[in-house]
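Descriptive structure summary
Chain residues, written in single-letter form:
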Amino acid sequence: MKLPKNKKPISNHFAKYHTIYIFTIILFITGIIFGAIIVNSMTFIQKQDLFFYLERFFLGFLQDGDISKQSLFKNAAFYHIQFLSLLFFLGLAVIGLPIIWVLLFVKGVAIGFTVGFFVNQLGFKGLLFSFSAIAPQNLIIIPIYIIASSFAMIFSLTLLQSMFSKRYKQPILQIFYRYTAVFIGLMIVVGFAALLESIVSFETMRLISDRFIN
């Protein structure tokens, strides 16, 4: 039985490049684990000092009545689109591959360190706060970053193969159009994640901040 034509490109793509997607997922998870390890390697004084500054920051941030959801949305959307744009241009440069790996790894470290630190300091309350502050938008953002990093790697490797292999010749311009279309689509989706970050996460943090910090 033949598959519908519109499903073939997607299934063929994942079948062909599944190793790259697995590599990016493992790299990201390794970053998360490394971030959690950093928390455990900190001294008691370092943890207390960092928690003191974070406590002051979050209390001031959440209690600031001048913060508008519109400005939060704009800042979050701008940050994510900026990061995706960086991955896009790194994919165009052959030398950008190692930088893509580093960026994805650092993203994992940041999430692992943040969640690990709050859980280490506050236990279940820290887990609850991390879930409300990080989980909603990152359920969308993390897959987007993994897909974007994988596509950037695939395009960069395609350029390499086209330049150095006579047997491997593909219509680069056509591939570039698809590459651009994918990133435009990801930037649109990331806007929804920014909306969650500015409304759901912010309001949830505000509701539970007094209980979990004090």
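Residues numbered from 1 in each chain as written. Predicted model: local features only at pLDDT ≥ 70, side-chain atom pairs only at ≥ 80, totals over all residues. Heavy atoms only, no water.

**A word on the UniProt feature "transmembrane region" (unreviewed entry) in the protein chain**
The feature "transmembrane region" (unreviewed entry), as given by UniProt, occupies residues 20-45, 81-106, 113-134, 140-164 and 176-196 in the numbering adopted here. For residues 81-106, the helix share is 85%, the strand share is 0%, and the end-to-end C-alpha distance is 17 Å. (UniProt positions renumbered as here; feature names shortened; annotations may be inferred. Helix = DSSP H or I, 4+ residues; strand = E, 2+ residues; numbered from the N terminus.)

**Description of the environment of Ile-188**
Mapped onto the elements, Ile-188 comes out in helix H7 (residues 172-213). A residue is classified by how much of its surface remains accessible, and Ile-188, at 62% relative accessible area, is exposed. (Buried < 20%, exposed > 50% of the residue type's maximum accessible area, 1.4 Å probe, protein only.)

**Some words on the packing of aromatic side chains**
Tallied over the entire structure, the rule returns 13 aromatic pairs. Taking the centre distance of 6.4 Å and the plane angle of 50° together, the rings of Phe-88 and Phe-176 count as tilted. Taken together, the positions of Phe-88 in helix H3 (residues 69-92) and Phe-176 in helix H7 put the pair 88 residues apart, joining distant regions of the chain. On the accessibility criterion, Phe-176 (27% relative accessible area) is partly exposed. Cation over ring: Lys-107 sits above Phe-83, and NZ or CZ is 4.6 Å from the ring centre. (Phe/Tyr/Trp six-rings, centres within 6.5 Å; stacked < 30°, edge-to-face > 60°. Lys NZ or Arg CZ within 6 Å of the ring centre and 35° of its normal.)

**Section: a nonpolar patch on the surface**
Taken together, the side chains of Ile-25, Ile-29, Ile-33 and Ile-37 present a nonpolar region at the surface, about 350 Å² in accessible area. Along the chain, Ile-37 turns up in helix H1 (residues 8-41). Classification of Ile-37 as partly exposed rests on a relative accessible area of 49%. (Patch = residues over 30% accessible without salt bridge, like charges linked within 9 Å, V, L, I, M, F, W, Y side chains within 5 Å. Areas by Shrake-Rupley, 256 points an atom, 1.4 Å probe, with all protein chains shown as cover. Salt bridge = Lys/Arg side-chain N within 4 Å of Asp/Glu carboxyl O.)

**Points about the packing of H1 against helix H4 (residues 97-122)**
At a closest axis distance of 6 Å, the pairing of H1 and H4 adopts a crossing angle of 40°. Judged by the angle between their axes, H1 and H4 are oblique. Once H1 is placed against H4, the crossing between them reads as right-handed. When its residues are assigned to classes, the contact of H1 with H4 shows 15 nonpolar, 9 polar and 1 charged. (Axes fitted to C-alpha atoms, helices over the stretch in contact; angles between N-to-C directions. Parallel < 35°, antiparallel > 145°, perpendicular 65-115°, else oblique. Left-handed = near helix turned anticlockwise from the far one by under 90°. Nonpolar A, V, L, I, M, F, W, Y, C, P; charged D, E, K, R; others polar.)

**Looking at the nonpolar core**
With 28 residues, the main nonpolar core has Leu-84, Leu-87, Ile-144, Tyr-179 and Phe-183 as its most contacted residues. Elements supplying a minimum of two residues to this core: H1, H3, H4, helix H6 (135-164) and H7. Sorting elements by how many residues they give to this core places H6 first, with 11 residues. With residues up to four places along the chain from it excluded, the contact list for Leu-84 reads Ile-144, Tyr-145, Ala-148, Phe-183, Leu-186, Met-187 and Val-190. Among the nonpolar cores identified, the runner-up in size contains 9 residues, and Val-39, Phe-118, Phe-129 and Ile-134 belong to it. (Core = buried A, V, L, I, M, F, W, Y, C linked by side-chain atoms within 4.5 Å. Contact = heavy atoms within 4.5 Å.)

**Quick notes on H1**
In this model H1 runs 48 Å from its N-terminal to its C-terminal C-alpha over 34 residues, within 8% of the 50 Å that 1.5 Å per residue would give. The sharpest bend along H1 reaches about 70° and sits at Tyr-17. By the burial criterion, the buried members of H1 are His-13, Tyr-17, Ile-20, Tyr-21, Thr-24, Leu-27, Phe-28, Gly-31, Gly-35 and Val-39. (Expected span 1.5 Å × (residues − 1). Bend = angle between axes of the 7 residues up to and from the residue.)

**So, the confidence of the model for the protein chain**
Detailed conclusions should not be drawn from predicted coordinates in areas where pLDDT is low. Averaged over all residues, the pLDDT of the protein chain equals 81, while 83% of them reach at least 70. Contacts of residues 1-6 to residues separated by more than four positions or lying in other chains number 2 contacts, the stretch itself having pLDDT below 50. (pLDDT = per-residue confidence, 0-100.)

**Description of H4**
In this model H4 runs 38 Å from its N-terminal to its C-terminal C-alpha over 26 residues, within 8% of the 38 Å that 1.5 Å per residue would give. Of the residues making up H4, those classed as buried are Leu-97, Ile-100, Leu-104, Lys-107, Gly-108, Val-109, Ile-111, Gly-112, Phe-117, Phe-118 and Leu-122. A positive phi of about 65° marks Gly-123, the residue just after H4.

**Quick word on the packing of H4 against helix H5 (residues 124-133)**
Following both chains from N to C, one finds H4 and H5 inclined at 150°, their axes separated by 6 Å at the closest point. On the basis of their axis angle, the class for H4 and H5 is roughly antiparallel. Here Thr-114, Val-115, Phe-118, Val-119 and Leu-122 of H4 lie close against H5, whose contacting residues are Phe-124, Lys-125, Gly-126, Leu-127, Phe-129 and Ser-130. Grouping the constituent residues of the contact of H4 with H5 by class yields 7 nonpolar, 3 polar and 1 charged.

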